[in-house]
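# Tertiary structure, described
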Amino acid sequence: AKRTTNMGNFCTGGETTAKDDATPPLNKAGYGISTAEDTKDAVAEAVKGAGIDGPSLAFVSATVKRDAEEVRKAFADALPGVPLHGITSSGALLTSGGSKSGAVGCLLIKYPKESFATAYDEKDGEAAAKALKEGMAKPATIFMGATPGAEEGVVEALGKEFPGVPVYGGTAADDELAGAWSVMSADKSSGTGVSLVGIGPSVKFGAAMLAPYTLGDTTVKATKTEGRRVFEIDGKPAADWAFELLGDEVKEQYENGGLVLPQTATKPFGLKQPSGEIVTAHLASFGGKEGSYIDFFCPIPEGAELNLMSSGDGPSTGYASALAEAYDKAKAAGTLKGGKPVAGILIFCGGMAIAVGDNLDSGLTSKDFSSKVDGLPMLGMTCFGEQGCLPEEKKNVQRNLTVGMILLG
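The following refers to the structure shown. Treat the numbers as computed from the prediction; the structure is a model and nothing was measured.

## Focus on unusual backbone geometry
- Of note in the backbone geometry, Y319 takes a positive phi value of approximately 55° without being a glycine.
- Locating Y319 in the fold gives a position in the loop between α8 (314–317) and α9 (320–332).
- Phi angles above zero are rare outside glycine, and L401 is one such case at about 50°.
- If you trace the backbone, L401 turns up in the loop between β26 (395–399) and β27 (403–408).

Below, the structure is given as C-alpha coordinates:
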(Lines give C-alpha, C1' and ligand atoms only; values in the text may rest on other atoms or scores of the structure.)
Protein backbone atom coordinates (compact mmCIF):
# COMPACT_ATOMS: atom_id res chain seq x y z
CA ALA A 1 0.00 0.00 0.00
CA LYS A 2 1.11 3.52 -0.62
CA ARG A 3 2.51 5.49 2.30
CA THR A 4 2.15 9.27 2.38
CA THR A 5 4.12 11.42 4.77
CA ASN A 6 4.75 14.98 5.81
CA MET A 7 7.35 16.55 8.04
CA GLY A 8 7.17 17.42 11.72
CA ASN A 9 4.02 16.68 13.68
CA PHE A 10 1.75 16.48 10.64
CA CYS A 11 -0.26 13.28 10.37
CA THR A 12 -1.12 12.24 6.86
CA GLY A 13 -1.57 8.58 7.66
CA GLY A 14 0.81 5.68 8.15
CA GLU A 15 1.16 2.63 5.98
CA THR A 16 -1.97 0.55 5.57
CA THR A 17 -2.42 -2.97 4.25
CA ALA A 18 -5.98 -3.99 5.16
CA LYS A 19 -8.52 -3.67 2.36
CA ASP A 20 -11.90 -2.10 3.14
CA ASP A 21 -13.65 -5.41 2.60
CA ALA A 22 -10.99 -7.54 4.24
CA THR A 23 -12.13 -9.92 6.95
CA PRO A 24 -10.03 -9.22 10.05
CA PRO A 25 -8.24 -12.05 11.84
CA LEU A 26 -9.81 -13.53 14.94
CA ASN A 27 -8.89 -10.66 17.24
CA LYS A 28 -10.04 -10.84 20.85
CA ALA A 29 -10.26 -8.46 23.79
CA GLY A 30 -11.52 -8.48 27.34
CA TYR A 31 -11.83 -5.95 30.14
CA GLY A 32 -11.64 -6.44 33.87
CA ILE A 33 -11.93 -4.02 36.79
CA SER A 34 -11.69 -4.36 40.55
CA THR A 35 -11.95 -2.18 43.65
CA ALA A 36 -10.58 -4.84 46.00
CA GLU A 37 -8.59 -3.22 48.78
CA ASP A 38 -5.45 -5.31 48.35
CA THR A 39 -3.74 -4.34 45.08
CA LYS A 40 -2.50 -7.84 44.27
CA ASP A 41 -6.01 -9.20 44.77
CA ALA A 42 -7.47 -6.35 42.68
CA VAL A 43 -5.12 -7.03 39.78
CA ALA A 44 -5.83 -10.77 39.91
CA GLU A 45 -9.55 -10.07 39.89
CA ALA A 46 -9.25 -7.65 36.96
CA VAL A 47 -7.15 -10.07 34.90
CA LYS A 48 -9.58 -12.90 35.61
CA GLY A 49 -12.49 -10.67 34.68
CA ALA A 50 -10.90 -9.81 31.33
CA GLY A 51 -10.90 -13.52 30.50
CA ILE A 52 -8.24 -13.52 27.77
CA ASP A 53 -5.73 -16.35 27.77
CA GLY A 54 -2.31 -15.49 26.37
CA PRO A 55 -2.92 -11.81 25.55
CA SER A 56 -0.47 -10.07 23.24
CA LEU A 57 -0.80 -6.66 24.94
CA ALA A 58 -2.29 -5.18 28.10
CA PHE A 59 -3.52 -1.62 28.57
CA VAL A 60 -3.72 -1.02 32.34
CA SER A 61 -4.67 1.78 34.70
CA ALA A 62 -5.25 2.53 38.36
CA THR A 63 -5.81 5.57 40.52
CA VAL A 64 -3.06 7.00 42.71
CA LYS A 65 -4.89 5.66 45.75
CA ARG A 66 -2.62 2.70 45.03
CA ASP A 67 1.14 2.57 44.67
CA ALA A 68 1.86 2.56 40.93
CA GLU A 69 4.92 0.34 41.24
CA GLU A 70 2.89 -2.19 43.22
CA VAL A 71 0.24 -2.11 40.49
CA ARG A 72 2.85 -2.58 37.76
CA LYS A 73 4.53 -5.47 39.51
CA ALA A 74 1.22 -7.21 40.17
CA PHE A 75 0.25 -6.98 36.50
CA ALA A 76 3.70 -8.11 35.37
CA ASP A 77 3.49 -11.13 37.69
CA ALA A 78 -0.06 -11.95 36.60
CA LEU A 79 0.77 -11.55 32.90
CA PRO A 80 4.34 -12.82 32.48
CA GLY A 81 5.93 -11.81 29.19
CA VAL A 82 3.00 -9.59 28.16
CA PRO A 83 3.87 -5.98 27.18
CA LEU A 84 2.07 -3.38 29.32
CA HIS A 85 1.03 0.18 28.54
CA GLY A 86 -0.25 1.92 31.64
CA ILE A 87 -0.98 5.31 33.16
CA THR A 88 -2.57 6.43 36.40
CA SER A 89 -6.07 7.92 36.24
CA SER A 90 -7.43 10.82 38.26
CA GLY A 91 -9.90 9.76 40.93
CA ALA A 92 -11.56 6.87 39.16
CA LEU A 93 -11.66 4.53 36.21
CA LEU A 94 -14.57 5.05 33.84
CA THR A 95 -17.09 2.46 32.64
CA SER A 96 -20.51 2.53 31.01
CA GLY A 97 -21.80 1.61 34.46
CA GLY A 98 -20.30 4.73 35.97
CA SER A 99 -17.02 5.81 37.55
CA LYS A 100 -15.21 3.42 39.88
CA SER A 101 -13.18 5.20 42.55
CA GLY A 102 -9.86 3.69 43.57
CA ALA A 103 -10.13 0.96 40.94
CA VAL A 104 -7.63 -1.11 38.98
CA GLY A 105 -8.49 -2.04 35.40
CA CYS A 106 -7.03 -3.83 32.42
CA LEU A 107 -7.89 -4.15 28.75
CA LEU A 108 -6.30 -7.35 27.46
CA ILE A 109 -6.08 -7.87 23.72
CA LYS A 110 -5.05 -10.88 21.69
CA TYR A 111 -4.05 -10.07 18.12
CA PRO A 112 -1.44 -11.53 15.75
CA LYS A 113 2.11 -10.90 16.98
CA GLU A 114 2.94 -8.30 14.33
CA SER A 115 -0.08 -6.12 15.21
CA PHE A 116 1.58 -4.08 17.96
CA ALA A 117 4.97 -2.97 19.23
CA THR A 118 5.76 -1.21 22.52
CA ALA A 119 8.51 1.02 23.85
CA TYR A 120 9.17 2.70 27.17
CA ASP A 121 11.63 5.12 28.71
CA GLU A 122 11.71 6.44 32.26
CA LYS A 123 12.02 10.06 31.11
CA ASP A 124 13.11 10.52 27.50
CA GLY A 125 10.54 10.78 24.70
CA GLU A 126 13.20 10.75 22.00
CA ALA A 127 14.69 7.53 23.35
CA ALA A 128 11.25 5.94 23.54
CA ALA A 129 10.49 6.97 19.95
CA LYS A 130 13.75 5.50 18.68
CA ALA A 131 13.11 2.28 20.59
CA LEU A 132 9.65 1.99 19.07
CA LYS A 133 11.09 2.41 15.60
CA GLU A 134 13.35 -0.56 16.21
CA GLY A 135 10.30 -2.65 17.05
CA MET A 136 8.01 -1.32 14.29
CA ALA A 137 9.51 0.75 11.51
CA LYS A 138 6.21 1.76 9.89
CA PRO A 139 3.26 1.88 12.28
CA ALA A 140 -0.08 3.07 10.97
CA THR A 141 -0.85 4.88 14.25
CA ILE A 142 0.87 5.47 17.59
CA PHE A 143 -0.76 5.53 21.03
CA MET A 144 1.20 7.38 23.70
CA GLY A 145 1.23 7.90 27.45
CA ALA A 146 3.30 10.62 29.11
CA THR A 147 3.23 12.94 32.14
CA PRO A 148 2.04 16.56 32.44
CA GLY A 149 4.35 19.04 30.74
CA ALA A 150 6.17 16.46 28.62
CA GLU A 151 3.48 15.73 26.04
CA GLU A 152 4.36 18.13 23.23
CA GLY A 153 8.00 17.05 23.46
CA VAL A 154 6.96 13.44 22.94
CA VAL A 155 4.68 14.42 20.05
CA GLU A 156 7.58 16.30 18.45
CA ALA A 157 9.96 13.35 18.92
CA LEU A 158 7.44 11.02 17.31
CA GLY A 159 7.03 13.45 14.42
CA LYS A 160 10.75 13.23 13.72
CA GLU A 161 10.93 9.43 13.85
CA PHE A 162 7.55 8.76 12.24
CA PRO A 163 6.66 11.66 9.95
CA GLY A 164 3.04 11.63 8.90
CA VAL A 165 1.89 9.01 11.42
CA PRO A 166 -1.16 9.96 13.55
CA VAL A 167 -0.60 10.06 17.31
CA TYR A 168 -3.26 9.66 19.99
CA GLY A 169 -3.05 9.32 23.74
CA GLY A 170 -3.84 10.40 27.27
CA THR A 171 -1.65 11.91 29.97
CA ALA A 172 -1.07 10.26 33.33
CA ALA A 173 -2.93 11.94 36.18
CA ASP A 174 -3.28 12.05 39.94
CA ASP A 175 -5.97 13.36 42.29
CA GLU A 176 -4.54 16.74 43.30
CA LEU A 177 -1.99 17.79 40.65
CA ALA A 178 0.68 16.91 43.19
CA GLY A 179 2.99 15.00 40.85
CA ALA A 180 1.87 11.58 42.09
CA TRP A 181 1.08 10.34 38.56
CA SER A 182 2.94 7.50 36.91
CA VAL A 183 3.46 5.80 33.54
CA MET A 184 3.96 2.03 33.54
CA SER A 185 5.46 -0.69 31.40
CA ALA A 186 5.94 -4.36 32.20
CA ASP A 187 9.39 -3.63 33.61
CA LYS A 188 9.23 -0.17 35.16
CA SER A 189 7.04 2.66 36.41
CA SER A 190 8.04 6.31 36.59
CA GLY A 191 6.62 9.73 37.41
CA THR A 192 8.32 11.00 34.25
CA GLY A 193 7.82 7.93 32.06
CA VAL A 194 6.91 7.68 28.38
CA SER A 195 5.08 4.62 27.03
CA LEU A 196 4.38 4.09 23.34
CA VAL A 197 2.32 1.55 21.43
CA GLY A 198 2.85 1.20 17.70
CA ILE A 199 -0.31 -0.02 15.98
CA GLY A 200 0.44 -1.97 12.84
CA PRO A 201 -1.11 -1.57 9.37
CA SER A 202 -3.17 -4.76 9.72
CA VAL A 203 -5.15 -3.44 12.70
CA LYS A 204 -8.39 -1.65 11.89
CA PHE A 205 -8.39 1.58 13.87
CA GLY A 206 -10.63 4.57 14.47
CA ALA A 207 -10.23 7.52 16.82
CA ALA A 208 -11.88 10.82 17.71
CA MET A 209 -10.98 13.69 20.04
CA LEU A 210 -13.88 16.08 20.62
CA ALA A 211 -14.09 19.51 22.20
CA PRO A 212 -17.83 19.84 22.97
CA TYR A 213 -18.01 23.64 23.06
CA THR A 214 -19.25 26.53 20.97
CA LEU A 215 -17.37 29.67 20.05
CA GLY A 216 -18.03 32.72 22.22
CA ASP A 217 -17.98 36.47 21.66
CA THR A 218 -14.57 37.14 23.24
CA THR A 219 -11.47 36.69 21.07
CA VAL A 220 -8.01 37.96 22.02
CA LYS A 221 -4.46 37.57 20.74
CA ALA A 222 -1.58 36.07 22.72
CA THR A 223 1.03 38.68 21.87
CA LYS A 224 3.91 37.33 23.98
CA THR A 225 4.30 33.65 24.83
CA GLU A 226 6.86 30.97 25.59
CA GLY A 227 5.65 27.39 25.34
CA ARG A 228 2.63 27.09 27.62
CA ARG A 229 3.24 30.44 29.32
CA VAL A 230 1.48 33.59 28.16
CA PHE A 231 2.97 36.91 29.23
CA GLU A 232 0.83 39.32 27.25
CA ILE A 233 -2.71 39.34 25.87
CA ASP A 234 -3.39 42.06 23.31
CA GLY A 235 -0.17 43.75 24.43
CA LYS A 236 -1.17 43.87 28.11
CA PRO A 237 -0.07 41.74 31.08
CA ALA A 238 -1.84 38.40 30.68
CA ALA A 239 -2.56 37.99 34.39
CA ASP A 240 -4.35 41.35 34.54
CA TRP A 241 -6.51 40.41 31.57
CA ALA A 242 -7.38 36.99 33.02
CA PHE A 243 -8.25 38.49 36.42
CA GLU A 244 -10.57 40.99 34.78
CA LEU A 245 -12.22 38.11 32.95
CA LEU A 246 -12.57 35.69 35.87
CA GLY A 247 -13.05 38.10 38.77
CA ASP A 248 -12.82 37.57 42.52
CA GLU A 249 -12.93 33.77 42.34
CA VAL A 250 -9.26 33.87 41.26
CA LYS A 251 -8.16 36.88 43.31
CA GLU A 252 -5.95 34.82 45.63
CA GLN A 253 -4.13 33.19 42.70
CA TYR A 254 -3.86 36.48 40.84
CA GLU A 255 -2.12 38.09 43.77
CA ASN A 256 0.00 35.20 45.02
CA GLY A 257 0.13 32.70 42.17
CA GLY A 258 -1.44 29.26 42.05
CA LEU A 259 -3.70 26.84 40.23
CA VAL A 260 -7.16 27.85 38.98
CA LEU A 261 -8.25 24.60 37.31
CA PRO A 262 -11.66 24.35 39.05
CA GLN A 263 -12.47 27.99 38.26
CA THR A 264 -11.62 27.60 34.57
CA ALA A 265 -12.85 24.04 33.89
CA THR A 266 -16.04 25.36 32.27
CA LYS A 267 -14.21 28.16 30.42
CA PRO A 268 -12.14 26.55 27.65
CA PHE A 269 -10.09 28.65 25.29
CA GLY A 270 -10.09 27.68 21.64
CA LEU A 271 -7.08 28.09 19.33
CA LYS A 272 -8.38 28.26 15.76
CA GLN A 273 -6.28 26.38 13.20
CA PRO A 274 -5.92 27.36 9.52
CA SER A 275 -8.29 24.48 8.70
CA GLY A 276 -10.94 26.01 10.96
CA GLU A 277 -10.54 23.25 13.54
CA ILE A 278 -10.27 24.24 17.19
CA VAL A 279 -7.67 23.06 19.70
CA THR A 280 -8.95 23.65 23.23
CA ALA A 281 -6.70 24.86 26.05
CA HIS A 282 -7.24 24.88 29.82
CA LEU A 283 -6.07 27.97 31.71
CA ALA A 284 -4.18 26.32 34.58
CA SER A 285 -2.52 28.90 36.81
CA PHE A 286 -1.43 32.45 37.60
CA GLY A 287 2.16 33.44 38.24
CA GLY A 288 1.20 36.07 40.83
CA LYS A 289 1.39 39.84 40.60
CA GLU A 290 5.16 39.87 40.22
CA GLY A 291 5.01 37.30 37.42
CA SER A 292 2.02 38.81 35.62
CA TYR A 293 1.79 35.71 33.42
CA ILE A 294 -0.66 32.84 33.08
CA ASP A 295 0.00 29.20 32.21
CA PHE A 296 -2.05 26.80 30.14
CA PHE A 297 -1.92 23.01 29.91
CA CYS A 298 -0.93 23.07 26.24
CA PRO A 299 1.37 25.25 24.09
CA ILE A 300 0.09 28.68 23.08
CA PRO A 301 1.92 29.94 19.96
CA GLU A 302 2.84 33.60 19.94
CA GLY A 303 0.28 35.46 17.87
CA ALA A 304 -2.40 32.83 18.39
CA GLU A 305 -5.98 33.98 18.68
CA LEU A 306 -7.81 32.68 21.75
CA ASN A 307 -11.59 32.45 21.83
CA LEU A 308 -13.38 32.05 25.15
CA MET A 309 -15.77 29.18 24.40
CA SER A 310 -19.06 28.12 25.97
CA SER A 311 -19.61 24.76 27.66
CA GLY A 312 -23.40 24.98 27.26
CA ASP A 313 -25.23 22.20 29.08
CA GLY A 314 -22.23 19.86 28.93
CA PRO A 315 -21.33 19.99 32.63
CA SER A 316 -24.93 19.53 33.80
CA THR A 317 -25.40 16.45 31.60
CA GLY A 318 -22.04 14.83 32.28
CA TYR A 319 -21.13 15.54 28.64
CA ALA A 320 -23.39 12.62 27.66
CA SER A 321 -23.82 13.74 24.04
CA ALA A 322 -20.06 14.28 23.66
CA LEU A 323 -19.34 10.75 24.86
CA ALA A 324 -21.80 9.30 22.37
CA GLU A 325 -20.52 11.48 19.53
CA ALA A 326 -16.90 10.55 20.26
CA TYR A 327 -17.81 6.88 19.88
CA ASP A 328 -19.73 7.46 16.64
CA LYS A 329 -16.95 9.50 15.08
CA ALA A 330 -14.25 7.04 16.12
CA LYS A 331 -16.23 4.14 14.68
CA ALA A 332 -16.62 5.95 11.35
CA ALA A 333 -12.97 7.06 11.21
CA GLY A 334 -9.72 5.61 9.93
CA THR A 335 -9.52 2.05 8.70
CA LEU A 336 -12.35 0.93 11.01
CA LYS A 337 -14.82 2.76 8.74
CA GLY A 338 -17.98 1.69 10.51
CA GLY A 339 -16.82 -1.85 11.24
CA LYS A 340 -17.45 -3.58 14.53
CA PRO A 341 -14.88 -2.62 17.17
CA VAL A 342 -13.16 -5.31 19.24
CA ALA A 343 -11.86 -3.00 22.01
CA GLY A 344 -12.01 0.62 23.10
CA ILE A 345 -10.15 3.17 25.21
CA LEU A 346 -12.03 6.15 26.61
CA ILE A 347 -9.99 9.28 27.39
CA PHE A 348 -11.81 11.86 29.48
CA CYS A 349 -10.10 15.11 30.45
CA GLY A 350 -9.58 15.67 34.17
CA GLY A 351 -10.72 19.27 33.73
CA MET A 352 -13.99 18.04 32.29
CA ALA A 353 -14.36 15.72 35.26
CA ILE A 354 -13.96 18.77 37.53
CA ALA A 355 -16.58 20.61 35.47
CA VAL A 356 -19.19 17.83 35.65
CA GLY A 357 -18.62 16.95 39.31
CA ASP A 358 -21.31 14.55 40.49
CA ASN A 359 -22.83 14.50 37.00
CA LEU A 360 -19.99 12.35 35.62
CA ASP A 361 -21.91 9.13 36.14
CA SER A 362 -24.95 10.62 34.43
CA GLY A 363 -22.94 10.98 31.24
CA LEU A 364 -21.29 7.58 31.46
CA THR A 365 -24.54 5.74 32.12
CA SER A 366 -26.66 7.78 29.68
CA LYS A 367 -28.60 5.55 27.32
CA ASP A 368 -27.15 7.13 24.20
CA PHE A 369 -23.57 6.33 25.26
CA SER A 370 -23.97 3.15 27.30
CA SER A 371 -26.05 1.47 24.59
CA LYS A 372 -23.29 2.09 22.04
CA VAL A 373 -20.51 0.55 24.17
CA ASP A 374 -22.61 -2.21 25.70
CA GLY A 375 -20.55 -5.40 25.54
CA LEU A 376 -17.44 -3.60 24.27
CA PRO A 377 -14.30 -4.23 26.34
CA MET A 378 -13.34 -0.64 27.20
CA LEU A 379 -10.76 0.94 29.51
CA GLY A 380 -11.81 4.43 30.58
CA MET A 381 -9.39 6.88 32.17
CA THR A 382 -9.45 10.46 33.45
CA CYS A 383 -6.36 12.19 32.06
CA PHE A 384 -4.44 15.45 32.54
CA GLY A 385 -3.96 16.06 28.83
CA GLU A 386 -5.04 14.54 25.53
CA GLN A 387 -3.18 14.01 22.29
CA GLY A 388 -4.69 13.57 18.86
CA CYS A 389 -4.42 14.11 15.13
CA LEU A 390 -6.60 16.88 13.72
CA PRO A 391 -8.47 15.28 10.79
CA GLU A 392 -8.44 18.37 8.54
CA GLU A 393 -5.22 20.04 9.66
CA LYS A 394 -3.42 16.68 9.54
CA LYS A 395 -1.43 17.66 12.60
CA ASN A 396 -0.69 15.92 15.90
CA VAL A 397 -1.39 18.18 18.89
CA GLN A 398 -1.43 18.34 22.67
CA ARG A 399 -4.81 19.61 23.83
CA ASN A 400 -7.08 19.93 26.88
CA LEU A 401 -10.73 19.69 27.91
CA THR A 402 -11.56 17.02 25.34
CA VAL A 403 -13.18 13.60 25.33
CA GLY A 404 -11.59 10.93 23.18
CA MET A 405 -12.44 7.45 21.99
CA ILE A 406 -9.96 4.97 20.54
CA LEU A 407 -11.38 1.87 18.84
CA LEU A 408 -9.57 -1.23 17.63
CA GLY A 409 -11.20 -3.54 15.11
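## Describing the pairing of strand β19 (residues 278–281)
- Side chains I278 and T280 of β19 all project onto a buried face; the interleaved residues V279 and A281 project onto the opposite face, where all are buried too.
- The loop that links strand β18 (residues 269–272) with its antiparallel partner β19 comprises 5 residues; one of these, G276, has a positive phi angle of about 95°.

## Some points on the packing of helix α1 (residues 39–50) against helix α2 (residues 68–78)
- Look at α1 against α2: their axes get within 9 Å of each other, and the N-to-C directions meet at 45°. One way to sum up the angle between α1 and α2 is to call them oblique. The interaxial crossing formed by α1 with α2 has right-handed handedness. In this structure, α1 contributes T39, K40, V43 and V47 to the contact, and α2 contributes E70, V71, A74, F75 and A78.

## Some points on the environment of T118
- Relative to the elements of secondary structure, T118 occurs in strand β7 (residues 116–121).
- Exposure remark for T118: the relative accessible area of 36% places this residue in the partly exposed category.
- Sequence spacing of T118 and L196 is 78 residues, and the spatial spacing of their C-alpha atoms is 5.5 Å.
- Discounting chain neighbours no more than four positions away, the residues touching T118 are L57, P83, L132, L196 and V197.

What counts, and where the lines are drawn
- Residues numbered from 1 in each chain as written.
- Predicted model: local features only at pLDDT ≥ 70, side-chain atom pairs only at ≥ 80, totals over all residues.
- Heavy atoms only, no water.
- Helix = DSSP H or I, 4+ residues; strand = E, 2+ residues; numbered from the N terminus.
- Buried < 20%, exposed > 50% of the residue type's maximum accessible area, 1.4 Å probe, protein only.
- Pairing = 2+ DSSP bridges.
- Axes fitted to C-alpha atoms, helices over the stretch in contact; angles between N-to-C directions.
- Parallel < 35°, antiparallel > 145°, perpendicular 65-115°, else oblique.
- Left-handed = near helix turned anticlockwise from the far one by under 90°.
- Contact = heavy atoms within 4.5 Å.

Read these as geometric descriptors, not functional statements.
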